[in-house]
Every structure is written in structure tokens, then in C-alpha cells.
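Structural characterization, general
So the chains spell out like this:
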Amino acid sequence: MTKSNGKSSEIVIKKYANRRLYDTSTSQYVTLDYLRDLVKKGTDFQVIDAKSGEDLTRGVLAQIIFEEESRGANLLPVDFLRQLIGFYGDSLQSVVPGYLQMSMNSFAQQQEEFRDRMTEAMTSPQASMAMIEEQTRRNMEMFGQAMRMFSPFTAPTGASPAAGETAPAAEPTEKAEGDDVSAMREELDAMRAKLDQLLDSKK
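Residues numbered from 1 in each chain as written. Predicted model: local features only at pLDDT ≥ 70, side-chain atom pairs only at ≥ 80, totals over all residues. Heavy atoms only, no water.

Here's the deal with the sheet that holds strand 5 (residues 28–30)
Heads up, the rule is: By this definition, two strands are paired if DSSP reports at least two bridges between them. Counting from the N terminus, the helices are DSSP H or I runs at least four residues long and the strands are E runs at least two residues long. Convention adopted: a line fitted to C-alpha atoms gives each axis, helices being fitted over their contacting stretch, and angles between N-to-C directions are expressed from 0 to 180 degrees.
Within the open sheet, the four strands sit side by side as 5-4-3-6. Their pairing is mixed. Among the strands making up the open sheet, the edge pair consists of strand 5 and strand 6 (45–49). Each neighbouring strand pair of the sheet contributes to a mean axis angle of 35 degrees, computed without reference to strand direction. For strand 3 (residues 11–15) and strand 6, the ladder comprises five bridges, and the chain directions are parallel.

Quick notes on empty space enclosed by the protein
Counted only if it meets this: A pocket, in this scheme, is an open set of points on a 1 Å grid over the protein atoms alone with protein on both sides within 12 Å along at least 5 of 7 lines, while a cavity is a set where a 1.4 Å probe fits but cannot get out; residues line either one if an atom lies within 4 Å of a point. Grid points are joined across faces, edges and corners, and a volume is the space filled by probe spheres set on the points.
According to the stated counting rule, one finds two cavities of 30 Å³ or more in the structure shown. In this structure, the second largest cavity encloses a volume near 30 Å³. If you go around the second largest cavity, the residues you meet are Leu 32, Asp 33, Arg 36, Ile 64, Glu 67, Glu 68 and Arg 71. Every element with two or more residues in the lining of the second largest cavity is listed here: helix 1 (32–41) and helix 2 (57–70).

Considerations on the packing of helix 1 against helix 2
Spelled out, the test is: Comment on the angle field: the value is read as roughly parallel under 35 degrees, roughly antiparallel over 145, roughly perpendicular from 65 to 115, and oblique elsewhere. Residues count as neighbours in contact if any of their non-hydrogen atoms are within 4.5 Å of one another. Each residue is assigned to one of three groups, with Ala, Val, Leu, Ile, Met, Phe, Trp, Tyr, Cys and Pro labelled nonpolar, Asp, Glu, Lys and Arg labelled charged, and all others, Gly among them, labelled polar.
In contact at an axis separation of 10 Å, helix 1 and helix 2 are set at 100 degrees when each is read in the N-to-C sense. Relative to helix 2, the element helix 1 lies roughly perpendicular. For the pair helix 1 and helix 2, the contacting residues are Leu 32, Leu 35, Arg 36 and Val 39 in the first and Val 60, Leu 61, Gln 63, Ile 64, Glu 67 and Glu 68 in the second. Taken together, the residues of the contact of helix 1 with helix 2 sort by class into six nonpolar, one polar and three charged.

Quick notes on the side chain of Arg 36
Let me state the cut-off plainly: By the criterion applied in these results, polar contacts are pairs of N or O atoms within 3.5 Å in which, for protein atoms, one can donate a hydrogen and the other can accept it, and in which residues neighboring in sequence qualify only through two side-chain atoms.
Tracing the backbone shows Arg 36 in helix 1. Within the local environment of Arg 36, its side chain forms a polar contact with the side chain of Asp 37, the two groups lying 3.3 Å apart.

Concerning unusual backbone geometry
To keep things clear, this is the line we draw: Three labels apply to residues, based on accessible area from a 1.4 Å probe with only protein chains included: buried if under 20% of the type maximum, exposed if over 50%, partly exposed otherwise in between.
In this model, Arg 19 sits at a positive phi of 75 degrees, which is unusual for a non-glycine residue. Secondary-structure assignment places Arg 19 in the loop between strand 3 and strand 4 (21–23). Residue classification places Arg 19 among the exposed positions, given a relative accessible area of 69%. Even without being glycine, Ser 27 reaches a positive phi, approximately 55 degrees. Residue classification places Ser 27 among the exposed positions, given a relative accessible area of 52%.

Focus: the nonpolar core
Note the following rule: Residues belong to one nonpolar core when they are buried, are Ala, Val, Leu, Ile, Met, Phe, Trp, Tyr or Cys, and are joined through side-chain atoms within 4.5 Å.
Of all hydrophobic cores here, the largest spans eleven residues; its members are Ile 11, Ile 13, Leu 21, Val 30, Leu 32, Leu 35, Leu 38, Phe 45, Val 47, Val 60 and Ile 64. Looking at this core, the elements with two or more residues in it are strand 3, helix 1, strand 6 and helix 2. Examining the composition of this core, we find that three residues originate from one element, helix 1, more than from any other.

Without other data, these values stay purely geometric and don't point to any function.
Quick look at the structure:
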């Protein structure tokens, strides 16, 4: 990745109405495989609509994943995809992106250690279970961090009312937010219970 004026520069890819992709840095038409290789090299790029300038990066990256899965890569488990789809429109929708980002960042930072553990797990059932339990614990910790970052578990503290004054009536939205928080806690508890059942079944 190149640097310019202290800021990282990213390649701009234009997408035309005929779905063709044009790399403005090399002045040539490219394919999804070309963009996939850029991702693997760590090269930043942004895909924009050639006519409107709309940012299409998210959709194109999702399309690359779809292409890989359709080729039989099978990186994303079916249950994971179902759970992910289930979060759309859910009260936890705003938490999921942060949790997934932290999970992937953590996995990327520890991938060498994870490879070593995978090699060990292939020769030892006990090591395999220990790895699953450790990864589950880390995932729950990261999920808790995401919940604290993106959910109002603790209401902000304000100034206490002066003597003789009464605190203003709570806004109607506070009750709704409280209900959302309760629902999030219930779903988190349910998730923990499912993970505990999974670990127990593996023993």
C-alpha cells in the first residue's frame, strides 16, 4: 500500500452499467478475480459507480465472497450464514458488525498460533477440545466488548437535581431503550447457554 502526504492512497475502481470494472490506476478493465487478488495482497481499493459516484465497495466484496463460495471454497458454514441473516432487523444488528470486526482482527493477529494449534489438534482430541473452549471463551469476551461499545448498558450520568427541585420525567424513549437492553441481555444469555451445551456435548 502506498503512502501519499501521510495518508494511505487507495485504488479507485469504476463500475459501469454493463457491470465492467475499470481500474483507474492502471487504465484497464479488470475482473472480480483481480480485485480478490488485491484484497489478498492488502491493497486498498474503492469501487464506485462510474455514473453516480456511489460507493459500491461493500456489494462488490460480498460478490467476491459469493463467487468463492460458489466455486466450492465453503469458508462460511451454513449455520453461520443462517444466523447472520437472522440478525438483519434484529435488536442486535448494530452490535454484530463490531463483533465480527473484532473477531476477524483477533484471528488475523493470532493466525500463526492458531495454525500451530490446528496441527496439534489433528493429533490430539484433548488439544482439539481445549482449542474449541479457548476460542469460544475469546469469542464471548469479544462479544461482551462489542455489546459494551455499541449498546447503552449503562445510562449516562447527569447532574443531580438541585435541592427542592424534582428530576424531570423520563422520556418515553428511555423505556424503549431499556426494553432493547433487556432483550439484548436475554439473547446474550441464550447464546452463552447454547455454547455451553455445545461444549458439553463434545466432552
